[in-house]
Amino acid sequence: MRGQGCSRGRGVARTTSRAAPVDPPVATAQEKVPDVVDPLGPAQAVFVQVAPTTFQARGGTQTLIACTPEQVVQGLQTPGVLASQPVAVAQAEVGPVMSDEEQKRLEIFRRFRPPSFSRAESEDAQDFLDRFQWILRTTGILKTSGVCFTTFQLSGDAFRWWDAYERGRPVGAAPLSWHEFSILFLEKFVPQTHREELCRQSEQLRQEGMFMTPYEMRFSELARHVIWLVPTERERIRRFIDGLTYQLCFVMTQESVSGSRFDEVVYISRRLELVLS
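Residues numbered from 1 in each chain as written. Predicted model: local features only at pLDDT ≥ 70, side-chain atom pairs only at ≥ 80, totals over all residues. Heavy atoms only, no water.

Asker: I'm lost on the overall build of the protein chain in this one. Help?
Answerer: If you tally the helices and strands in the protein chain, you get 13 helices and two strands. Scored against the burial criterion, the 277 residues of the protein chain give a buried share of 25%. When contacts within the protein chain are restricted to residue pairs at least 6 apart in sequence, long-range pairs at least 24 apart make up 59% of them. Carbon together with sulfur atoms contributes 53% to the accessible area of the protein chain, which is approximately 20,900 Å² in total. (Helix = DSSP H or I, 4+ residues; strand = E, 2+ residues; numbered from the N terminus. Buried < 20%, exposed > 50% of the residue type's maximum accessible area, 1.4 Å probe, protein only. Contact = heavy atoms within 4.5 Å. Areas by Shrake-Rupley, 256 points an atom, 1.4 Å probe, with all protein chains shown as cover.)

Okay, here's the thing in structure tokens:
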């Protein structure tokens, strides 16, 4: 037919283009993330299912990429996906163990190279205590830091003993004085039989047959081992005078020695001995 021929031969060729199929919209990770579970609530295992993320190549195609659990967690922590909620970690405030003044005292104390004590057989508890008492008196810290600095030098069995003693004390108990610590220390590390013998010798000591100097030396030697018998300066003076000869003891009791130090009483006794001899 002519009409059809003309139409085919003279008409402009037209090509019908088909539109490329549009991929369905992919939900973003934020839309798929469920509500955040309250971290303070009961501990429960929560399984979060997140849609696989999409990757759009240059050619226009979209490829689905599977996410590992680590990537899911990283995505949840990304500010662009989910607003992060910082959690403040509570930390206990640790104050200085020692004040600045005590630290200065400790530095001065360590310049004397104080010995240590571990309760070994070759160690003498009395010598250790005497050495420390001399250092603490020289530095002027016997009353303020004597016990604290002395226990710094304990090691081995001696340290374990002191640590157990400190743990067993009532909360808020007053710190030990040097005299109280000395008694506690000697009772622990000096055998009881030896302490009883020293007590007997101290109670029976008399000046009979001795001059003042050897008597005073023997009295002081025993007194440092039995400090529980002479807990105060006054008690030490009383026992010293009681051991003098009858004549010296009578004169010394008439002297006004109240308030005097032990070394002053010894000096008065020596002068009286020269006068009466």
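Asker: Before we go on, may I ask you to explain the layout of surface pockets in this structure?
Answerer: Roughly 1,100 Å³ of volume is contained in the largest pocket. Along the walls of the largest pocket sit 39 residues, with Gln-133, Leu-142, Trp-178, His-179 and Ser-182 positioned nearest its centre. When contributions to the lining of the largest pocket are tallied by element, the ones reaching two or more residues are helix H5 (125–139), helix H6 (142–152), helix H7 (156–168), helix H8 (178–189), helix H10 (212–225) and helix H11 (233–242). Take the lining of the largest pocket: its biggest share by element is ten residues, from H6. In terms of residue class, the lining of the largest pocket is made up of 18 nonpolar, twelve polar and nine charged. (1 Å grid on protein atoms, 1.4 Å probe; cavity = no way out; pocket = protein on both sides within 12 Å on 5 of 7 lines; lining within 4 Å. Points joined across faces, edges and corners; volume = space filled by probe spheres on them. Nonpolar A, V, L, I, M, F, W, Y, C, P; charged D, E, K, R; others polar.)

Asker: Help me out: how do you make sense of unusual backbone geometry in this one?
Answerer: Trans is the common state for peptide bonds, and a negative phi is the common state for residues other than glycine. The phi dihedral of Arg-113 falls on the positive side, at around 55 degrees, and the residue is not glycine. Looking at the secondary structure, you find Arg-113 in the loop between helix H4 (100–110) and H5.

Asker: Hey, could you run me through helix H13 (residues 262–276) in this one?
Answerer: What sets the pattern is the α-helix's 3.6 residues per turn: residues three or four places apart point alike. The end-to-end C-alpha distance of H13 is 21 Å, a good match for the 21 Å that 15 residues give at a rise of 1.5 Å each. Among all positions in H13, only Phe-262, Val-265, Val-266, Ser-269, Leu-272 and Glu-273 are buried. The buried residues of H13 occupy an angular sector of 125 degrees when projected down its axis, which confines them to one face. Looking at H13, the residues exposed on the side facing more than 90 degrees away from the buried face are Tyr-267, Arg-271, Leu-274 and Val-275. Each element contacted by the buried residues of H13 is listed here: H10, H11 and helix H12 (246–254). (Expected span 1.5 Å × (residues − 1). Arc of directions from axis to C-beta.)

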